[in-house]
Amino acid sequence: MELKEIKCNHCGHINPPGTQLCQSCGKMINEDYDKKKIKDLMRYDGSAVRSKVRSQSIFDKIWNFFTSIKIGVTIIALIAIAAAIGTILPQEYFIPVGVDPLQHYTEQYGTFGTLYYKLGFTQLYSSWWFVLLMGMLALSLIAASVDRGVPLYKSLKNQRAKKHDSFFKRQRVFNEYDTSVNPDDIAKSFTAKKYKLKQDGNNYLFEKGRLSRWGPYINHTGLIILLAGSMLRFFPGVYVDELIYAQEGETVSIPTTEGKYYVKNEGFTLDTYDEDSGTVFDQSLQNNQAMTISNFQTDITMYENKSADIVGSSPDLEEVDDYSIRVNHPYRFDDYELYQSSYDNSQMKSMTFRLEDSEGNVIGDNFEVSLDDPKDSYNITDDVTINMKAYSPDFLEIDENGTLVSETPVPTNPAFVFEVSTGDKNELSLLQIMNSTDITQDNEYSIKFVEAEEHMASVLTLKKDLSMPIIATGFVIFLIGLFIGSYINHRRIWINADGDTMKIAAHTNKNYFGLKKEMNAVLKTHHLAQVYDKQEKEENDKLKG
Amino acid sequence: MKKGTRKIIRTGTIITIAALLGITLYLNLRDGTQTVNVGDEAVDFKLETLSGEEIQLSQITDEKGVILNFWGTWCKPCREEMPDMNQVYNEGHEDYEIIAVNVSENNQQIEQFLSGLSENLDYPIALDKNRSVTKAYNIGPLPTTIAINKEGTVVKKQEYQLTKEDIYTFIDESLE
């Protein structure tokens, strides 16, 4: 059935199809409207929520689907449930760096972990279905707001002072007086209470706080901005959260700057509290099993690359700044921040050895072999030289042709073939951390492991978030809307003094108690009885049983 | 509100949200797999070789097809395929070039590896000391071999050991 525009049979105003109460005079158009409803009679001022009017194109159908409050609440519920499930297992950015996530979740949590990973709960906020839900929430917010806000705006804009008698009787707050009080005097009292007056002969409309009705739409606008801001994080260059690993003395390129910036780790410091400093904290420091760290600090030098950036080419670095990064004292440059995150000393840097003869006497100086870039030979004394013939960072086996085979390039299980050369004689031996084997027969000398040194690497977090100002703005607007909607009351009072009696009715979107108090105070000054509250009477009846 | 305005608002909102969602999901999915694939433009790079020369990819692709072979001394398939590549290379390489990019190892390790091979390699070995090229190409397992044609486009990629036939195929593809 094609719905038509409705002409009010009382005042002649043309209303959009689906209207319940005439936009102009407030007469009931749908006769059944107040049969079931008493409380929400004035919701959206009885105007047609437009989506319920008709549906035509596919866009209208989609739109109408999303204007439903039921659908909106369902979407919000789904998001809340998904977010709750997302907290059951740690998110992917909390698991150890570099491990295969699927393997990690399966090993740690079994089948549930596998399923959890496959469904995208481990990266909840960027899983496709969560992003889709967010988009649907945005559409639902916009569609529901437009379809309710626009008719409401029109109703409030088109309302006139003169209302139909039935309108008065339907209002929750109502009274009728047989009196000769001049309504103009009452009008003055209300305008003194900051009500705006609209007058049509003996018909009066007092109104204040209409802004309250826009509260929900303002906070929806805030939410839309917030959603847009969080969406921007997926766009390149807006949001960066990366780890930078730099060993002491190492200069590394800063990711996402296209090779423009480099940072050098000048030294990492780890300070602990002194347990015997004589302060009140000594006791608790001693009780703590581990060392109590007082400071993590990385001294850095920032460089800018002046050369045209071709991947792999050695950069032309110009020093731009020095800084000491400590916890909560990040280094800021452009839109980036560099935070102290953690440190790592698990990578081996060098090993030191000494040479002994068959009787166990140490010969010459100890020699240190760098594992990153080992030298070929080491002079122990004037006569004795040690040559490194082969090195394997992670020893696996000896190849057919005698070279050492490594399992990985990481120095976790180094092995060396050293040649001790005394001028007239050369001896070969294979050295692993745990054991050593003579390659040549009847070796006179042996090489002993003395100590190993580790690399001290600082781990920094690189952060950049251009979406933050947008998200913050959205949130502030959201809160303003919430405040307006919650703390401002939209109050309207109608007076009709056309006949022998004076009818008065009132409506507010919240806080009827306050409205009645305000009205009764005014009525009292004019020696009129208090207003009558339908709902109050009902509640009293209920209490009486 | 007029019918026309209503239609514009409804259609506009739905299309805008759908488009933004599409872009977001696209960016999101692309993020994880930013590897260089067949059909992509090859990232230009400049590296020093073991013999001390500088080579730049774009200068070579001006005249020749290029086979990029990413390798490490600890990788067994690399050790096995490199002599094969060398034999093919020595059959003639006027119209193509092989560049073996070593992933971040020191000269001692590389020299030791080369001395253990059954052949002396005649093609250049580029040193990617800080993995910048490896990262730019998002190389996963070693060996990974990539063929680039004269237009600078990636035309073939393989993430496991090459047979001799594979090597010929790579060369042919780089010349097309």
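None of the values given here were measured: they were computed from a predicted structure. (Residues numbered from 1 in each chain as written. Chains lettered and ligands numbered in written order. Predicted model: local features only at pLDDT ≥ 70, side-chain atom pairs only at ≥ 80, totals over all residues.)

Before going further, it helps to examine the overall build of chain B. Helix and strand content of chain B: six helices and seven strands. Reading chain B from its N end, one meets helices and strands in the order α-β-β-α-β-α-β-α-β-α-β-β-α. In summary, chain B has a C-alpha radius of gyration of 22 Å against a globular reference of 16 Å for 176 residues, an excess of more than 25%. Along the longest, intermediate and shortest principal axes, the C-alpha atoms of chain B span 85 × 30 × 30 Å. Looking at chain B as a whole, 34% of its 176 residues are labelled buried. Counting contacts in chain B only where the partners sit at least 6 residues apart, residues at least 24 apart contribute 78% of the total. (Helix = DSSP H or I, 4+ residues; strand = E, 2+ residues; numbered from the N terminus. Rg over C-alpha atoms; globule rule 2.2 N^0.38 Å. Buried ≥ 20, exposed ≤ 12 C-beta atoms within 10 Å, placed from the backbone. Contact = placed C-beta atoms within 7 Å.)

Looking now at the overall build of chain A. Each helix and strand in chain A was counted, giving 12 helices and 26 strands. On C-alpha atoms alone, chain A measures out to a radius of gyration of 40 Å, which is more than a quarter above the 24 Å that the 2.2 N^0.38 rule sets for 545 residues. Overall size of chain A, expressed as C-alpha extent along the three principal axes, is 135 × 65 × 60 Å. Each of the 545 residues in chain A was classed as buried or not, and the buried ones make up 28%. Sequence separation of at least 24 residues holds for 58% of the intrachain contacts in chain A that already meet a minimum separation of 6.

What follows deals with the domain arrangement of chain A. With domains assigned, chain A is organised as domain 1 (1–34), domain 2 (49–157), domain 3 (164–209 + 489–544), domain 4 (239–346 + 458–465) and domain 5 (352–445). Computed over C-alpha atoms, the centres of domain 2 of chain A and domain 5 of chain A are 62 Å apart. (Domains from an automatic or database assignment.)

Turning our attention to helix H6 (residues 164–175) of chain B. Residue and element names in this part refer to chain B. Here H6 is 12 residues long and its end C-alpha atoms lie 17 Å apart, about the 16 Å a rise of 1.5 Å per residue gives. Taken together, the buried positions of H6 are occupied by Ile167, Phe170, Ile171 and Ser174. End-on, the buried residues of H6 take up no more than an arc of 95°, which puts them together on one face. Contacts made by the buried residues of H6 are with strand E3 (65–71), helix H3 (76–90), strand E4 (96–103), strand E6 (144–148) and strand E7 (154–158). (Expected span 1.5 Å × (residues − 1). Arc of directions from axis to C-beta.)

Residues and elements named next belong to chain A. The UniProt entry lists residues 62–89, 127–146, 217–235 and 466–488 under the feature "transmembrane region" (unreviewed entry), expressed in the numbering used here. Structurally, residues 62–89 is divided into 82% helix and 0% strand, and its ends, taken at the C-alpha atoms, are 35 Å apart. Helix makes up 84% of residues 217–235 and strand 0%. Its end C-alpha atoms lie 28 Å apart. (UniProt positions renumbered as here; feature names shortened; annotations may be inferred.)

Here we come to the packing of helix H2 (residues 58–67) of chain A against helix H5 (residues 128–158) of chain A. All names here are of chain A. Running from N to C, H2 and H5 point in directions that differ by 90°, and their axes come no closer than 8 Å. If you check the angle between H2 and H5, you find them roughly perpendicular. Of the residues in H5, those touching H2 at Trp63, Phe66 and Thr67 are Leu139, Ser140, Ala143, Ala144 and Asp147. Split into classes, the residues belonging to the contact of H2 with H5 amount to five nonpolar, two polar and one charged. (Axes fitted to C-alpha atoms, helices over the stretch in contact; angles between N-to-C directions. Parallel < 35°, antiparallel > 145°, perpendicular 65-115°, else oblique. Nonpolar A, V, L, I, M, F, W, Y, C, P; charged D, E, K, R; others polar.)

What follows deals with the interface of chain A and chain B. When the parts come together, some accessible area is lost, and that loss is often what is quoted as the size of the interface. At the junction of the two partners, chain A supplies 35 residues and chain B supplies 31 residues. Of all the secondary-structure elements, those providing two or more residues to the side of chain A that touches chain B are H2, H5 and strand E16 (385–392) of chain A. Ranked by residue count, the leading element in the side of chain A that touches chain B is H5 of chain A, at nine residues.

What follows is about the sheet that holds strand E12 (residues 336–344) of chain A. Residue and element names in this part refer to chain A. Pairing in this open sheet of four strands is antiparallel, and the strands run E6-E23-E12-E11 from one edge to the other. Two strands lie at the open edges of the sheet, namely strand E6 (239–247) and strand E11 (331–333), each paired on one side alone. Adjacent strand axes in the sheet meet at a mean angle of 25°, parallel and antiparallel pairs treated alike. With nine bridges joining them, E6 and strand E23 (residues 457–465) adopt antiparallel strand pairing. Note that in E23 the partner of glutamate 242 across the bridge is leucine 462. (Pairing = 2+ DSSP bridges.)

Attention now moves to the UniProt feature "transmembrane region" (unreviewed entry) in chain B. Under the present numbering, the feature "transmembrane region" (unreviewed entry) in UniProt falls on residues 12–29 of chain B. Summarising residues 12–29 of chain B: 100% helix, 0% strand, and an end-to-end C-alpha distance of 26 Å.

What follows is about the sheet that holds E16 of chain A. Residue and element names in this part refer to chain A. Here we have five strands laid out as an open sheet, ordered E15-E16-E19-E20-E21, and antiparallel in their pairing. Each edge of the open sheet carries a strand with a single partner, namely strand E15 (377–379) and strand E21 (436–438). Averaged over all adjacent pairs, the angle separating strand axes in this sheet is 25°, with direction ignored. Here E15 runs beside E16; their pairing, made up of three bridges, is antiparallel. Looking across to E16, one finds that asparagine 379 is bridged to threonine 385.

For the rest of this paragraph, the subject is the packing of helix H8 (residues 215–232) of chain A against helix H10 (residues 468–487) of chain A. Residue and element names in this part refer to chain A. With their axes 7 Å apart at the nearest point, H8 and H10 run at an angle of 165° to one another. Between H8 and H10, the angle is such that the two are roughly antiparallel. Where H8 crosses over H10, the handedness of that crossing is left-handed. Split into classes, the residues belonging to the contact of H8 with H10 amount to 15 nonpolar, 10 polar and no charged. (Left-handed = near helix turned anticlockwise from the far one by under 90°.)

All names here are of chain B. Across three bridges, strand E1 (residues 46–49) lies against strand E2 (residues 54–56) in antiparallel orientation. Residue lysine 46 lies in a different strand from E2, and its bridge partner there is glutamine 56. In this antiparallel pair of consecutive strands, E1 and E2, the connection spans four residues, and glycine 52 shows a positive phi of 95°. Two strands pair when backbone bridges link them, and E1 and strand E5 (residues 125–128) are joined in this way by two bridges, in the antiparallel orientation. Residue pairing across strands places glutamate 48 opposite leucine 127, the latter belonging to E5.

Ile67, Leu68 and Val101 of chain B are the most contacted members of the largest nonpolar core, which totals 37 residues. Of all elements in the fold, only E3, H3, E4, E5, E6 and H6 of chain B reach the threshold of two or more residues within this core. If one sorts the elements of this core by residue count, E4 of chain B sits on top with six residues. In this structure isoleucine 67 of chain B touches Tyr96, Ile98, Thr145, Ala147, Phe170, Ile171 and Ser174 of chain B, once residues within four positions along its chain are discounted. Leu371, Ile386, Leu404 and Phe418 of chain A belong to the second largest nonpolar core, which has 21 residues in total. (Core = buried A, V, L, I, M, F, W, Y, C linked by C-beta atoms within 7 Å.)

Structurally, asparagine 401 of chain A is set in the loop between strand E17 (395–398) and strand E18 (404–406). For the pair asparagine 401 of chain A and histidine 104 of chain A, spaced 297 residues apart in sequence, the C-alpha to C-alpha distance is 39 Å.

Cis rather than trans, the peptide bond between leucine 142 of chain B and proline 143 of chain B has omega equal to -5°. Here proline 143 of chain B shows up in the loop between helix H5 (132–136) and E6. Even without being glycine, threonine 256 of chain A reaches a positive phi, approximately 70°. Locating threonine 256 of chain A in the fold gives a position in the loop between strand E7 (251–253) and strand E8 (261–272). Judged by the 15 C-beta atoms lying within 10 Å of it, threonine 256 of chain A falls in the partly exposed class.

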